[in-house]
Amino acid sequence: MFQIVRKQELVKGSIIKFEVNAPKIARKALAGQFVIVRVNKTGERIPLTIADKDEFAGTITIIFQVVGKTTALMRSLNSGEFLLDVVGPLGKPAEINNHGTVVMVGGGTGVAILHHIAKAFKKAGNYVIGIIGAKEKDMLILENEMKNICDELIITTDDGSYGQRGFVTQPLEKYLDERYDIKLVYAIGPIIMMKNVCNLTKKYNLPTQVSLNPIMIDGTGMCGGCRVEIEGKIKFCCVDGPDFDGHKVNFEKLEKRNSLYLKDEKDSLLYSIR
Amino acid sequence: MLNQDVKYLKFRTYLNTYCPYCKNSLNQEIDNEKQIIFKAIYKGKEGVLKLSPYLDVFEIESSFKIKQGDMLDDLFCPHCNKSLVSHEKYCEECGSKVGEIIISAHTKLIPFFICLKYGCEWHGLTKADERKIKLKIPRQEMPEQDQKLRTQNFQEVPYGYTSELALLEAGRCLQCKTPKCVEGCPVNIDIPSFIKLITEKKFDKAAKKIKEKNILPAICGRVCPQENQCESKCVLGIKDKPVAIGNLERFVADYERKMDLVKVPVINKKINKKIAVVGSGPSGLTVAADLVQLGYSVTIFEALHATGGVLTYGIPEFRLPKSIVQFEINYLQKLGCRIELNQVIGNINTIDELLQNFDSVFLGLGAGLPRFMNIEGETLGNIFTANEFLTRMNLMKAYLFPEYDTPMPRGNKVVVIGGGNVAMDCARMAIRTGANEVTVVYRRSRHELPARHEEVRHAEEEGVKFKLLTNPIKYLGTDYNMVKAMECIRMKLGEKDASGRRRPIPIENSNFSIDCDLVIIAVGTGPNPIIFQSAKDIKRNKRGYIDVDTKTNQTSKKNVYAGGDIVTGSATVIQAMGAGRIAANAIHKSLK
């Protein structure tokens, strides 16, 4: 049993932050790694990236968007309540080096994962440029945290309600045109966003890392549900990833795989409401 | 004379009886009722005496009234009218006169005596003779759920023996002086002894006898491939079918559990040494049980949220009920074994870190990394690995969706690729999810199917079809990237390969396609990878499995042992347990 120490609704009713008491995981977790959470006895196992950790308090932070039954159920939990199982840390940590200048691109809940990695890059001595985007102003998360980490921060919204209007790729392209010292791009967010970022950076021949979040069950390399095609070869996100070289990922197949259970998700959610 | 106690109504050993003088058969069948007919004289009157022709269970019927303890005057053959009363033999129980007839067993003629005193059971058979007759008892099969009904539920298929069936089956054992079956058992269970205890109706003692060597009899009795192990060596198997050792093992274990006879021993001895067991599958459980009973302090680390390893996530409920697995693990906990769930060793603690807190580490990681065939279209939707399909169904209980949250993979036309037990499990599971058609595609012929015969039979009974000598080469998808068909090629068998099986060779231009909307890939697994990312110093072989010293199961790292599938590749539950035992002994020896 893992107690939720603090709950915060980053976007009301939609994006929620938990600080969970898990001292063993907090001691080991590195940026880019994830945990698998099972809420209760009948629950499913869902992967959630560790958005932050506090070794001294013994807590890890997870941020999730409510999309299906399990996340809806988690929304209904309050601080002081418990998650039945939290397994981790899983996956390979992000490779953190001092490159000089790096660009961290995040979209939607992807910013949650991104900010942990950005923090690590900053700590390693990089000049960190952040570009974070959301659909609208209300959906933007972790703006202040990113501001504290990044040396420069650009914000975009699809509808222009805050920051620049448009997608994260537009300011990114500008940066790529203007600055020649950028050594690495990290892109985390919706698959379509990561795909577009990778298409863009390919033109500039710039190394790009992405963090994938596919369907997963055990998270230890046993089920193969999280398989993705990397350079035509099958890799497992849970043990070979979740971070991959974005230029090698087959995004089309990943997109299709991730939408497999949308209908079931809905059915399950309806069932639980009933 | 003969007892009326009728015990085994349906399963009795039939006796063929003959007159020793005229050699005519004394057996008669009237209105489907089988009898042995004699002429007899009782208190001066002549009458007809009818006996039921079964060993140990005689019924008596006579044309005159007869009382318990009374003696017949004489006994005649109804054909030649000669007196059957022996002048040399007398009853060894009560000293009365006896009638002598002949019975045949396996073409041998054996003298058989009938005591003339009513109620006396003596029949003068030596042990050897009795055995010869018992050879005629057919192997008893377990009663099973109806073929149609069982495809509608997830409950266990065989019901197990009743005590009557178990007694009868146990009676078939010849109690060989040098039992070959014990050699066939990877943990050398004293098989004749436990079977003898069954014949003496000491079922709980029989279970204890097995547990001296095997802590999980209820599980092994169900999932061990006995036909390749103990039962393959049984002498009876040469001419007839071997003793159903597995079924008997299962029976006594179930009996002990159901009758609540499992007692948790108090372990007085304490050894102040700590053992870490990584993985709670069969090998890990064995190591833990052995060492905790010796007095060590044992902690099991399990990566998933449930214990049991492959017993829990892999083998389906209808083959191995999860309540049994949990019962065995609860027993271990009662013995004092600690279990820590959700611990992915390698990530949360490396082996080196474990060694700081523990004196020895045992790695029973298992081989669960699914293999793919690396053909076009494998990332399409509704193509599952066997592990994902089974994990969803067994561990996550997707078959209870939406009560349980994990969605159940569904399809109307399901294809399972592979021919092993896992493939059979998947196919039978798919049938139970309501698929209209389930086909197993296997590249060799029926003869090479690696699955147990019993599993293949069960699958066929339940309606699973087999497409043999067929190999998929490509998957075709719909516009929504879901699988819709599979292109296959026919195969023929060529020369024998290293495994001794004939190598399948594709026949050119024999491509054809199979429509399907769900594919399950069950073509084997590799070693679980996570731990090796942080433990580079553990030596592994070419296939990625851990190299161990086969005498001690110690790895290349000091105080680190390994066993089970992570050493051998996919094997059986009992082999993993055998490996665990070797490691446990070695650990004890080195720490003592």
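## A closer look at the sheet that holds strand E10 (residues 274-278) of chain B
All names here are of chain B.
- Read across the sheet, five strands follow the order E12-E11-E10-E13-E25 without closing on themselves; strand pairing throughout is parallel. The open sheet has two edge strands, strand E12 (338-340) and strand E25 (560-562), and neither has a second partner. Neighbour-to-neighbour, the strand axes of this sheet turn through a mean angle of 20°, independent of strand direction.
- Pairing of strand E11 (residues 297-301) with E12, which is carried by three bridges, proceeds in the parallel orientation. Counted as the bridge partner of Thr 299 is Arg 338 from E12.
- Taken strand by strand, helix H11 (residues 282-294) contacts E10, E11 and strand E13 (360-363), and its axis lies near 165° from that of E11.

## Focus on the domain arrangement of chain A
All names here are of chain A.
- Taken domain by domain, chain A holds domain 1 (2-90) and domain 2 (101-258).
- On a C-alpha basis, the centres of domain 1 and domain 2 stand 21 Å from each other.
- Each partner contributes residues to the interface: domain 1 has 21 residues there, and domain 2 has 24 residues.
- Scanning the region where domain 1 abuts domain 2 turns up one salt bridge.
- In this structure, Asp 52 engages Lys 119 in a salt bridge whose closest nitrogen and oxygen atoms are separated by 3.0 Å.

## A closer look at the environment of Lys 253 of chain A
- Structurally, the position occupied by Lys 253 of chain A is in helix H8 (residues 251-258).
- Among the residues examined, Lys 253 of chain A registers a relative accessible area of 26% and is labelled partly exposed.
- If we skip the residues at most four places from it in the chain, Lys 253 of chain A touches Glu 229 of chain A together with Thr 379 and Asn 481 of chain B.

## Quick notes on a positive patch on the surface
- On the surface, a cluster of positive charge is contributed by Lys 92, Lys 233 and Lys 235 of chain A together with Lys 536 and Arg 540 of chain B.
- Along the polypeptide, Lys 233 of chain A turns up in strand E15 (residues 233-236).
- By relative accessible area, Lys 233 of chain A is classed as exposed at 58%.

## A look at the domain arrangement of chain B
- For chain B, the domain assignment lists domain 1 (7-133), domain 2 (153-258), domain 3 (274-366 + 558-591) and domain 4 (372-523).
- For domain 1 of chain B and domain 4 of chain B, the distance between their C-alpha centroids amounts to 59 Å.

## A short note on the pattern of salt bridges
All names here are of chain B.
- Counting across every chain of the model gives 46 salt bridges over all chains.
- Salt-bridge contacts for Glu 200 lead to Lys 202; the nearest nitrogen and oxygen are separated by 3.4 Å.
- Residue class for Lys 202 comes out partly exposed when judged on its relative accessible area of 35%.
- A salt bridge links Lys 211 to Glu 256; its shortest N-O distance comes to 3.0 Å. Placement of the pair is Lys 211 in helix H6 (residues 203-211) and Glu 256 in helix H10 (residues 245-258), with a sequence separation of 45 residues.
- We classify Glu 256 as buried; its relative accessible area is 2%.

## Description of the pairing of strand E21 (residues 502-506) of chain B
Residue and element names in this part refer to chain B.
- Inspection of the sheet shows strand E20 (residues 483-496) paired to E21 by four bridges, in the antiparallel sense. Within E21, the residue paired with Met 491 across the bridge is Pro 506.
- The hairpin turn running from E20 into E21, its antiparallel successor, is five residues long, and Gly 500 in that turn takes a positive phi close to 85°.

## With respect to the nonpolar core
- By size, the foremost hydrophobic cluster in this structure holds 73 residues, and its most contacted members are Ile 191, Phe 194, Ile 195, Ile 198, Ile 219, Leu 248 and Val 298 of chain B.
- A per-element tally of this core places helix H20 (residues 573-591) of chain B first, with eight residues.
- For this core, the two domains that each supply at least three residues are domain 2 (153-258) and domain 3 (274-366 + 558-591) of chain B.
- Residues in contact with Phe 194 of chain B, not counting those within four places in the same chain, are Ile 189, Ala 206, Lys 209, Ile 210, Ile 245, Leu 248, Glu 249 and Val 252 of chain B.
- Of all hydrophobic cores here, the second largest spans 55 residues; its members include Ala 187, Met 193 and Met 194 of chain A together with Ile 417 of chain B.

Here is what the cut-offs are and how they apply
Residues numbered from 1 in each chain as written. Chains lettered and ligands numbered in written order. Predicted model: local features only at pLDDT ≥ 70, side-chain atom pairs only at ≥ 80, totals over all residues. Heavy atoms only, no water. Pairing = 2+ DSSP bridges. Helix = DSSP H or I, 4+ residues; strand = E, 2+ residues; numbered from the N terminus. Axes fitted to C-alpha atoms, helices over the stretch in contact; angles between N-to-C directions. Contact = heavy atoms within 4.5 Å. Domains from an automatic or database assignment. Salt bridge = Lys/Arg side-chain N within 4 Å of Asp/Glu carboxyl O. Buried < 20%, exposed > 50% of the residue type's maximum accessible area, 1.4 Å probe, protein only. Patch = residues over 30% accessible without salt bridge, like charges linked within 9 Å, V, L, I, M, F, W, Y side chains within 5 Å. Areas by Shrake-Rupley, 256 points an atom, 1.4 Å probe, with all protein chains shown as cover. Lys, Arg positive; Asp, Glu negative; His and termini not counted. Charge placed at Lys NZ, Arg CZ, Asp CG, Glu CD. Core = buried A, V, L, I, M, F, W, Y, C linked by side-chain atoms within 4.5 Å.

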